[in-house]
Amino acid sequence: MDYYKVLRILPSASEKEIKTAYRRLAKEYHPDVVGEDQQKKQRMYEIQEAYRILSDPGQRKAYDEKRQHSEEQHREERTGPSPDQSAFERFFGFQPGKGMETYQRQKQPDKKEGKAGTEGPMKPEERFASFFERIR
């Protein structure tokens with residue numbers, strides 16, 4: 001259960017905002033207001049639990065750490081481990097997210113004339129062949 005969602009506040013909420021949210025929701029879900037509605041009574045118990053945890057600085061800190069760890073695990077389960085980008089880099093000739101600066105080749109001295117020159121772009125067939133030769 002996400003206590004911040006229960007109280008309808010952001011994780012960066014101040015102590016005052018937590019207290020204000022609790023009071024607002026307690027008025028809305030108080031047993032005298034909801035009568036015999038069991039779902040709303042259950043909601044009030046959730047609101048009380050969220051307030052108890054988030055209003056205590058020590059418990060809030062422990063909850064935030066646990067929540068962050070849980071989110072990181074969930075994110076890793078969804079996306080899986082980070083892929084090995086080296087195969088991508090070898091095949092396409094640049095690093096993802098680096099833009100064209102990794103695609104442009106560095107100038108190398110021309111062996112015949114002794115001056116700086118550039119290699120032309122690699123043909124797709126050559127890139128493809130070089131990629132699969134390295135995998136073997």
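Anything mentioned here points back to the structure above.
First, a word on what this report is: a plain description of the structure on this page. Since the model is a prediction, treat every value here as computed from it, not as a measurement. Here the residue numbering is sequential within each chain, running from 1 through the sequence in written order. The predicted origin of the model limits local features to residues at a pLDDT of at least 70 and limits the giving and counting of side-chain atom pairs to 80 or more, whereas totals for whole chains, interfaces and linings rest on all residues. Derived side-chain values reflect all non-hydrogen atoms in the structure, with water molecules and hydrogen atoms excluded from consideration.

**Notes on the packing of aromatic side chains**
Note the threshold: In summary, the pairing rule links any two rings of Phe, Tyr or Trp, Trp by its six-membered ring, whose centres are within 6.5 Å, and it sorts them by plane angle into stacked for under 30 degrees, edge-to-face for over 60 and tilted for everything else. Only DSSP runs of H or I reaching four residues or more are called helices, and only runs of E reaching two or more are called strands; each is numbered from the N terminus. Exposure categories follow from relative accessible area, calculated using a 1.4 Å probe and restricted to protein chains: below 20% of the type maximum is buried, above 50% is exposed, and the middle band is partly exposed.
This structure, assessed with the given rule, holds 3 aromatic pairs. Ring geometry for Y3 against Y63: centres 4.7 Å apart, planes inclined by 35°, an arrangement best described as tilted. With Y3 in helix α1 (residues 3–7) and Y63 in helix α5 (residues 57–79), the pair connects residues that are 60 residues apart, well separated along the chain. Judged by its relative accessible area of 10%, Y3 falls in the buried class. Relative to Y63, the ring of Y4 has its centre 5.9 Å away and its plane inclined at 45°; by these criteria the two rings are tilted. Here Y63 lies in helix α5 and Y4 lies in helix α1, a separation of 59 residues in the sequence. According to the relative accessible area criterion, Y63 is buried, its value standing at 12%. Through a chain of ring-to-ring contacts, three or more aromatic side chains come together here, namely Y3, Y4 and Y63.

**A few points about the pattern of salt bridges**
Side-chain pairs of opposite charge can arise where the charged atoms are in close proximity. Going by this rule: Basic side-chain nitrogens of Lys or Arg form a salt bridge, by our definition, when they fall within 4 Å of a carboxyl oxygen of Asp or Glu.
Applying the stated criterion across every chain yields a total of 5 salt bridges. Here R8 and E28 are joined by a salt bridge, their closest N and O atoms 4.0 Å apart. Pair noted here: R8 is in the loop between α1 and α2 (15–29) and E28 is in helix α2, with a separation of 20 residues, a long-range link. By relative accessible area, which is 45% here, R8 ends up partly exposed. Judged by its relative accessible area of 38%, E28 falls in the partly exposed class. Note that E71 is salt-bridged to R67, the shortest N-O span being 3.7 Å. With E71 and R67 both in helix α5 and 4 residues apart, this pair spans about one turn of that helix. For E71, a relative accessible area of 37% gives the class partly exposed.

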